[in-house]
Amino acid sequence: MTAPRPYALLAEVTYRCPLHLSVLLEPCSCPQGGGYSDMHALNGELTTDEWKRVIRDAATLGVLQIGFSGGEPLARRDLAELVHAAREVSLYTNLITSGIGFDDDRISALRDAGLDSVQLSFQSDDADLADEIAGARAHRRKLDVAAKIRAAGIPLSLNFVIHRRNIDRLPEMIELSESLGAERVELANVQFYGWAFLNRAALLPTQEQVTRAREIAMEAKARLAGKIDIFYVLPDYYETWPKPCLSGWGQRYFTVNPTGDVLPCPTASSAIPDSRFENVRAHAIDWIWRESESFNRFRGTEWMPEPCRSCPQKEIDFGGCRCQAALLTGNAANTDPVCTLSPNRARVDAVLRDINSSNNHAPDWTYRVNPKTLDC
Amino acid sequence: MPIESADAVQPRLAKGVRLQTDSATGKSVLLFPEGIVELNETAQEILSRCNGRTFNEIVRALAEEYDSDVAALAADVRETLSDLRRRKLIELI
Ligand SMILES: C[S@@+](CC[C@H](N)C(=O)[O-])C[C@H]1O[C@@H](n2cnc3c(N)ncnc32)[C@H](O)[C@@H]1O
Ligand code: SF4
């Protein structure tokens, strides 16, 4: 099928992240799967000029918006220069950050470069006794950074990664967002890829928790309408129909990773074992987006198996998420098993049954899994 | 402040929201964190006038330009702005 024009680029500018050093403090799960040392990362990372070219080429292709992510994007000293390059071609620029490494100088440099907004992630769960002290320390740093971002006049979004251990604290999270003067809040249930997939049994909330959380989020959304835009992302295992992942593969978004691979989806490289991607050092982005096998593999509806193929929903949910299909059924081309019509839905139901059975004890939070699978 | 009760309010783009022409289509779009909204003609006409004008002034300007009924137009403008405000894309001052 012919390629549509893309709208947004996720620029993962580095794998480096100071929180690598303190996984106990801040368990978060970059979809990329980290485990990169600084040296590794630096050796292969795109240079400033290469990123500038990527940004210009993306704009030419139709991209209107760029998210700078990682790893921790602040680990790149040339970030303000990249933001400036993006503004020169009229992109809307969003910085996606843990806030670690954000001081006054960098905030003003980024503001002066034209940064449009900052999305600050909150994922530490200080309810956990073991890391209570460390968690509180990171938390305080983030609060401080949030205040500085506000003082610099940069619009602030907060992103809370929600899971079984913190989902009951939604009211407190919403309260915190109000007091920090955030414009937007994402209450995003953890997506089960990478590290989070390995820890699914400890992370997936119970039915009861999910029902309550949804009510709280909906109530807050209505109450704060016009003040804070609240966006609640459900844990999709509890859904009947799959999420319209990426609005379809190769339809609106693409990701460029730190070493220049162009991905239809940021999690695809780890979740879909037989995936191969093109690199901006070898090919023009325009060609990669329009012509490459990686972008055309699941583009449109031609690739779909039954039950999607003959389903009226296929233009609405695009058959769900390819990564989820790969992780749960072993084949990325299957219908997303969250779909009630999927022949593999029983696998999702089995997970839910386990989580919700009354004699289930949540397994220990696996902080110390193989460092290669811990990231961010 | 509901738009209904204060026709003297000045609607303006909310913080972090940019109105821009999409060079691929020539259409107007609103850009904001993690989001893009393509504006229909009505919304575009309204938003391009949210530059210090009050709600009433916007309605009057549009009514003049399109030679249309003020009451009907006011209802349209109110609906469009309420919708944008609910999504925190505009604010009222
Ligand atoms: C991968 S991080 C990278 C940028 C930066 N280091 C940060 O912490 O924001 C981007 C965002 O994704 C969130 N995130 C990470 N793993 C996730 C998962 N498995 N499910 C949902 N969100 C996740 C993080 O909390 C953060 O808001
Ligand atoms: S069968 Fe496929 S297209 Fe139909 S609802 Fe399920 S995932 Fe969507």
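Scroll up to find the structure this text is about.
These remarks concern the structure in this document. Treat the numbers as computed from the prediction; the structure is a model and nothing was measured.

1. Considering the sheet that holds strand β6 (residues 184-189) of chain A
Residues and elements named next belong to chain A.
Next, step 1: Taken in spatial order, the 10 strands line up as β7-β6-β5-β4-β3-β2-β1-β8-β9-β10 in an open sheet, and their pairing is mixed. On the outer flanks of this sheet lie β7 (229-233) and β10 (278-279), each paired with one strand and no other.
Next, step 2: One ladder, built from four bridges, connects strand β1 (residues 8-14) with strand β8 (residues 253-256); its direction is parallel. Within the sheet, the bridge partner assigned to Ala11 lies in β8 and is Val256.
Next, step 3: Contacting β4 (117-122), β5 (156-162), β6 and β7, helix α6 (residues 170-180) runs over the sheet at an angle of about 165° to β5.

2. Brief notes about the interface of chain A and chain B
Next, step 1: Taken together, the contact between chain A and chain B spans 26 residues of the former and 20 residues of the latter.
Next, step 2: Interface area for chain A against chain B, summed over the two sides, is near 1900 Å², with a carbon-plus-sulfur share of 50%.
Next, step 3: Where chain A touches chain B, the interface holds three salt bridges.
Next, step 4: The partner of Asp22(B) in a salt bridge is Arg5(A), and the shortest N-O contact between them spans 2.9 Å.
Next, step 5: On inspection of chain A and its partner chain B, the count reaches 12 residue pairs in polar contact (both at pLDDT 80 or more).
Next, step 6: Here the side of chain A that touches chain B gets three residues from one element, more than from any other, and that element is strand β3 (residues 92-97) of chain A.
Next, step 7: Of the residues in the side of chain A that touches chain B, the class split is nine nonpolar, eight polar and nine charged.

3. Looking at the packing of helix α2 (residues 48-61) of chain A against helix α3 (residues 79-88) of chain A
Residues and elements named next belong to chain A.
Next, step 1: Two numbers describe how α2 lies on α3: the axes approach to 9 Å, and their chain directions differ by 25°. With respect to each other, α2 and α3 are oriented roughly parallel. For the element pair α2 and α3, the recorded crossing hand is right-handed. Here α2 contributes Thr48, Trp51, Lys52 and Ile55 to the contact with α3, which in turn contributes Glu81, Leu82, Ala85 and Ala86.
Next, step 2: Here the residues of the contact of α2 with α3 sort into five nonpolar, one polar and two charged.

4. Considering α2(A)
Residues and elements named next belong to chain A.
Next, step 1: Between the first and last C-alpha of α2 there are 20 Å, a value that for 14 residues agrees with the 20 Å anticipated at 1.5 Å per step.
Next, step 2: Of all the positions in α2, only Glu50, Trp51, Lys52, Val54, Ile55, Ala58, Ala59 and Leu61 are classed as buried.
Next, step 3: Looking at the buried positions of α2, the neighbouring elements they touch are β1, β2 (65-70), α3, β8 and α11 (285-291).
Next, step 4: Gly62 sits one or two positions beyond α2 and adopts a positive phi of about 120°.

What counts, and at which threshold
- Residues numbered from 1 in each chain as written.
- Chains lettered and ligands numbered in written order.
- Predicted model: local features only at pLDDT ≥ 70, side-chain atom pairs only at ≥ 80, totals over all residues.
- Heavy atoms only, no water.
- Pairing = 2+ DSSP bridges.
- Helix = DSSP H or I, 4+ residues; strand = E, 2+ residues; numbered from the N terminus.
- Contact = heavy atoms within 4.5 Å.
- Axes fitted to C-alpha atoms, helices over the stretch in contact; angles between N-to-C directions.
- Buried area = accessible area lost by both parts, 1.4 Å probe.
- Salt bridge = Lys/Arg side-chain N within 4 Å of Asp/Glu carboxyl O.
- Polar contact = N/O pair within 3.5 Å; in protein donor to acceptor, adjacent residues only side chain to side chain.
- Nonpolar A, V, L, I, M, F, W, Y, C, P; charged D, E, K, R; others polar.
- Parallel < 35°, antiparallel > 145°, perpendicular 65-115°, else oblique.
- Left-handed = near helix turned anticlockwise from the far one by under 90°.
- Expected span 1.5 Å × (residues − 1).
- Buried < 20%, exposed > 50% of the residue type's maximum accessible area, 1.4 Å probe, protein only.

The values reported here are purely geometric and, on their own, carry no functional implication.
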